[in-house]
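Observations on the three-dimensional arrangement
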Amino acid sequence: MVKAQKRLTEESDILTALDNQQFSIWLQPQVATTTGKVCSAEVLLRQRQPDGSWALPNDLIDSIESCGLMVTVGHWVLEESCRQLAVWQSRGIMLPISVNISALQLLHHDMVSDMLALLNRYRIAPGTLILEVTESRRIDDPKAAVAILRPLRNAGVRIALDDFGMGYAGLRQLQHMKSVPVDILKIDKIFIDSLPEDTSMVAAIIQLGRSLNLKMVAEGVESKEQYAWLRAADVDILQGFLLRAPYQSTCLNKIIWVRTIHCFREIRVSDCACQLKVLTIKYQINVQIFRLCFLDVILCRQVKIIPTFPVAIA
């Protein structure tokens, strides 16, 4: 009786938080190893705390799952991610976003139709939405998962296998996933933590990924030594607090705008072409983004005015 009452309370709290916009998607930038520039971002769920800050409570995901709301919350995260992509793409910014989906959400009977509807409604460009299948959650029917993922991939969604090596029968599951196929293999933080003292597991995962022609992503990079080893190992993309902390999407947009404004102020019209490359590197702004922002700043007539629409890193 007590457990049932607790579950009802938790369910009510979660639904109320959704209705009152107490959940938010945050973005953790992912950096291309070869260029050092942000090339994509992972969506993270955050909840507003009583003190006004945003965090992911330790028991939140377990509570969502135990209340049977994983599909509901997961769909909200997917739609918010598609909404963010649509805003960026309306401005010509094709920064990919990756979203975690649980086994429960993946195998839900409405998954394909709901996902295709979101892609159509927000006109998401092919290749810019990545679904991360979390391998640490057991998928009892890998063949069913592949049957669900195949039409999504045909619609332009890329597939990543997250937390590889941490879950149920990883190699067996990867064998099934080969028929999708999977595009990206993410190396779990627990293996990255052992670098550079113990490289055996990470090296083996990288070799496996390369043999399957998968793009490799290392998450949880927190030290310069880890970064140096992964870069030398030619891992494609790195993610972690050493490189970029997660940002609320609105905060990320403001950061990019501030950098763009500084870049704009330093460019002299007489020498614009020569300075553009140097300054965009200095402020870590993609040239394509600068050109879009440049036009908008001109339209605002004053450099002091920073428009409120979002712009993303690329």
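Data block above holds the structure.
The present account deals with the structure reproduced in this document. Quantities reported herein were computed from a predicted structural model and do not represent experimental measurements.

Quick look at the pattern of salt bridges now. Within the structure shown, the criterion is met by nine salt bridges. Close ionic contact of Glu79 with Arg121 constitutes a salt bridge, the shortest N to O distance being 2.9 Å. On the criterion of sequence distance, the pair formed by Glu79 in helix H3 (residues 70-90) and Arg121 in helix H5 (residues 111-122) is long-range, its members being 42 residues apart. Its relative accessible area of 18% is what places Glu79 among the buried residues. Between Lys189 and Asp193 there is a salt bridge whose closest N-O contact spans 2.9 Å. The class for Asp193 is partly exposed, based on a relative accessible area of 40%. Three or more residues joined by partner-sharing salt bridges are found here, namely Glu42, Glu132, Lys186 and Glu219.

Once that is clear, we can look at empty space enclosed by the protein. Throughout the structure, instances matching the rule amount to one cavity of 30 Å³ or more. Of the pockets and cavities examined, the largest cavity occupies roughly 80 Å³. For the lining of the largest cavity, the secondary structure elements donating two or more residues are H3 and H5. Taken together, the residues of the lining of the largest cavity sort by class into five nonpolar, three polar and two charged.

With that settled, consider the packing of aromatic side chains. Under the definition given, this model contains one aromatic pair. With centroids separated by 6.4 Å and ring planes inclined at 55°, the aromatic side chains of Phe23 and Trp76 adopt a geometry described as tilted. On the criterion of sequence distance, the pair formed by Phe23 in strand S1 (residues 23-32) and Trp76 in helix H3 is long-range, its members being 53 residues apart. Pair check on accessibility: Phe23 and Trp76 agree, each one buried.

Moving on to the layout of surface pockets. Taken as a whole, the largest pocket encloses approximately 1,100 Å³ of empty space. The wall of the largest pocket is formed by 38 residues, among which Glu42, Leu44, Leu56, Ile61 and Asn100 lie closest to the centre. Elements with a minimum of two residues in the lining of the largest pocket: strand S2 (38-48), helix H2 (60-66), H3, strand S4 (97-101), strand S6 (158-164) and helix H8 (189-192). Looking at the lining of the largest pocket residue by residue, the class counts come to 16 nonpolar, 11 polar and 11 charged.

Criteria and thresholds
Residues numbered from 1 in each chain as written. Predicted model: local features only at pLDDT ≥ 70, side-chain atom pairs only at ≥ 80, totals over all residues. Heavy atoms only, no water. Salt bridge = Lys/Arg side-chain N within 4 Å of Asp/Glu carboxyl O. Helix = DSSP H or I, 4+ residues; strand = E, 2+ residues; numbered from the N terminus. Buried < 20%, exposed > 50% of the residue type's maximum accessible area, 1.4 Å probe, protein only. 1 Å grid on protein atoms, 1.4 Å probe; cavity = no way out; pocket = protein on both sides within 12 Å on 5 of 7 lines; lining within 4 Å. Points joined across faces, edges and corners; volume = space filled by probe spheres on them. Nonpolar A, V, L, I, M, F, W, Y, C, P; charged D, E, K, R; others polar. Phe/Tyr/Trp six-rings, centres within 6.5 Å; stacked < 30°, edge-to-face > 60°.

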